[in-house]
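Residues per chain, in single letters:
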Amino acid sequence: MVLKLYHYPLSSPSRGAFMSIKAIDVPVEIIHIDLLKKEQLSESFTKINPQHCIPTIDDDGFVLWESKAIACYLAEKHERQDLYPMNLKQRALVNQRMYYDSSMLYPRIRAINYPILFQGVKEIKKPLKDDLNNQLSFLNQYLNESKWVAGDQMTLADIAIAASISTLAAIDWDFTEFPNINRWFKNCESIPGFAENKEGASVFGKAVKKYLEQ
């Protein structure tokens, strides 16, 4: 049975799961769930995932959600140690970078975009901007001595963070102070599925910028 991915291309976590699946090279059936139309609340989807969040996978009856859990599960299942190392310390570093995205970076991106899209906010407040740039400075430091965020080889951590940074790039965030991020993000173009990820981020970015201009 082909893996099913319930996916919304405008969602950064969903794009992260999509790129992970492409990088692991798993055949996949994409089922689009439009969050803006609240399709995630449909009876058919809540039967699959009562938490009704995207992304969600169905792997021959095994249902899983949360983008990084999906990525780690599939990398282990398909023995992609290049993307999710078996070495204890290397894997710990990959996990740390993914947790940084989940708990520090992505929430600050969402704190800026969500009020613009859904609460009528017309500007990015300076405290929110400064808070996000502070987190970007950490990412820039991670990249001081390595090509990728968790070493000299692309891993699941790069894929997750690339999805988040793609969202920022799409709203024309200023990365001038973060040359390492600029260099790394250029390298991310080699990630399988990155072009599709960029397209989804672009649509999201245009919506945010439209609300800011109104």
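Residues numbered from 1 in each chain as written. Predicted model: local features only at pLDDT ≥ 70, side-chain atom pairs only at ≥ 80, totals over all residues. Heavy atoms only, no water.

Going by an unreviewed UniProt entry, the protein chain carries the name Glutathione S-transferase and comes from Pieris brassicae.

A. Quick peek at the packing of helix α1 (residues 12-24) against helix α6 (residues 156-170). Contact geometry for α1 and α6: axes closest at 8 Å, N-to-C directions at 140 degrees. Considered as vectors, α1 and α6 are oriented oblique to each other. The hand of the α1/α6 crossing is right-handed. Facing Ser12, Arg15, Gly16, Met19, Ser20 and Ala23 of α1, the residues of α6 in contact are Leu156, Ile159, Ala162, Ala163, Ser164, Ser166 and Thr167. A breakdown of the residues in the contact of α1 with α6 according to their chemical character gives six nonpolar, six polar and one charged. (Axes fitted to C-alpha atoms, helices over the stretch in contact; angles between N-to-C directions. Helix = DSSP H or I, 4+ residues; strand = E, 2+ residues; numbered from the N terminus. Parallel < 35°, antiparallel > 145°, perpendicular 65-115°, else oblique. Left-handed = near helix turned anticlockwise from the far one by under 90°. Contact = heavy atoms within 4.5 Å. Nonpolar A, V, L, I, M, F, W, Y, C, P; charged D, E, K, R; others polar.)

B. How the structure looks around the pattern of salt bridges. Per the stated rule, a full pass over the model turns up 10 salt bridges. In this structure, Lys47 engages Glu43 in a salt bridge whose closest nitrogen and oxygen atoms are separated by 3.7 Å. Of this pair, Lys47 and Glu43 both sit in helix α2 (residues 43-48), four residues apart, which is roughly one turn of that helix. Given a relative accessible area of 63%, Lys47 falls into the exposed group. When its relative accessible area of 58% is taken as the criterion, Glu43 is described as exposed. Among the salt bridges present, the one from Lys125 reaches Glu123, with a minimum N-O distance of 3.1 Å. (Salt bridge = Lys/Arg side-chain N within 4 Å of Asp/Glu carboxyl O. Buried < 20%, exposed > 50% of the residue type's maximum accessible area, 1.4 Å probe, protein only.)

C. Quick peek at empty space enclosed by the protein. Per the stated rule, a full pass over the model turns up one cavity of 30 Å³ or more. A volume near 50 Å³ is recorded for the largest cavity. Pro13, Gly16, Ala17, Ser20, Ser67, Lys68, Ala71, Met98, Leu156, Ile159 and Ala160 are the residues that line the largest cavity. Taken together, the residues of the lining of the largest cavity break down into seven nonpolar, three polar and one charged. (1 Å grid on protein atoms, 1.4 Å probe; cavity = no way out; pocket = protein on both sides within 12 Å on 5 of 7 lines; lining within 4 Å. Points joined across faces, edges and corners; volume = space filled by probe spheres on them.)

D. Quick look at the pairing of strand β4 (residues 62-65). As paired strands, strand β3 (residues 56-59) and β4 are joined by four bridges and run antiparallel to one another. The residue of β4 that forms the bridge with Ile57 is Leu64. Where β3 hands over to β4, the hairpin turn is made up of two residues, of which Asp60 adopts a positive phi near 55 degrees. (Pairing = 2+ DSSP bridges.)

E. Representation of α1 within the structure. The terminal C-alpha atoms of α1 lie 18 Å apart, and with 13 residues this matches the ideal 18 Å at 1.5 Å per residue to within 8%. In terms of residue burial, α1 counts as a mostly covered element, since 12 of its 13 residues are buried. Taken residue by residue, α1 has Ser12, Pro13, Ser14, Arg15, Gly16, Ala17, Phe18, Met19, Ser20, Ile21, Ala23 and Ile24 as its buried positions. Downstream of α1 by a residue or two, Asp25 has a phi angle that is positive, lying close to 70 degrees. (Expected span 1.5 Å × (residues − 1).)

F. Seen up close, the nonpolar core. With 59 residues, the main nonpolar core has Leu136, Leu156, Ile165, Leu168, Ile181 and Trp184 as its most contacted residues. Broken down by secondary-structure element, the contributors of at least two residues to this core are β1 (3-7), α1, α3 (67-77), α4 (88-118), α5 (126-142), α6, α7 (179-187) and α8 (194-213). Excluding anything up to four places from it in sequence, Leu156 contacts Ser20, Ala71, Cys72, Ala75, Leu83, Tyr84 and Met98. (Core = buried A, V, L, I, M, F, W, Y, C linked by side-chain atoms within 4.5 Å.)

G. Broad picture of the side chain of Ser146. Secondary-structure assignment places Ser146 in the loop between α5 and α6. Here Ser146 falls in the buried class, since its relative accessible area comes to 14%. A polar contact of 3.5 Å, which involves the side chain of Ser146, links it to the backbone oxygen of Tyr142. Beyond its immediate sequence surroundings of up to four residues, Ser146 is in contact with Gly151, Asp152 and Arg183. (Polar contact = N/O pair within 3.5 Å; in protein donor to acceptor, adjacent residues only side chain to side chain.)

H. Looking closely at the layout of surface pockets. The calculated volume of the largest pocket comes to roughly 1000 Å³. Around the largest pocket, the lining is made up of 36 residues, and of these Ser11, Pro13, Leu35, Tyr106 and Arg110 lie nearest the centre. Within the residue set of the lining of the largest pocket, elements represented by two or more residues are α1, α3, α4, α6 and α8. Counting residues per element, the lining of the largest pocket draws most heavily on α4, at nine residues. Considered class by class, the residues forming the lining of the largest pocket number 19 nonpolar, 11 polar and six charged. Its volume calculated, the second largest pocket comes out at about 180 Å³. Contributing to the lining of the second largest pocket are Ser166, Ala169, Ala170, Phe185, Lys186, Glu189, Phe194, Lys198, Ala201, Ser202, Lys206 and Lys209. Breaking the lining of the second largest pocket down by element, the ones donating at least two residues are α6, α7 and α8.

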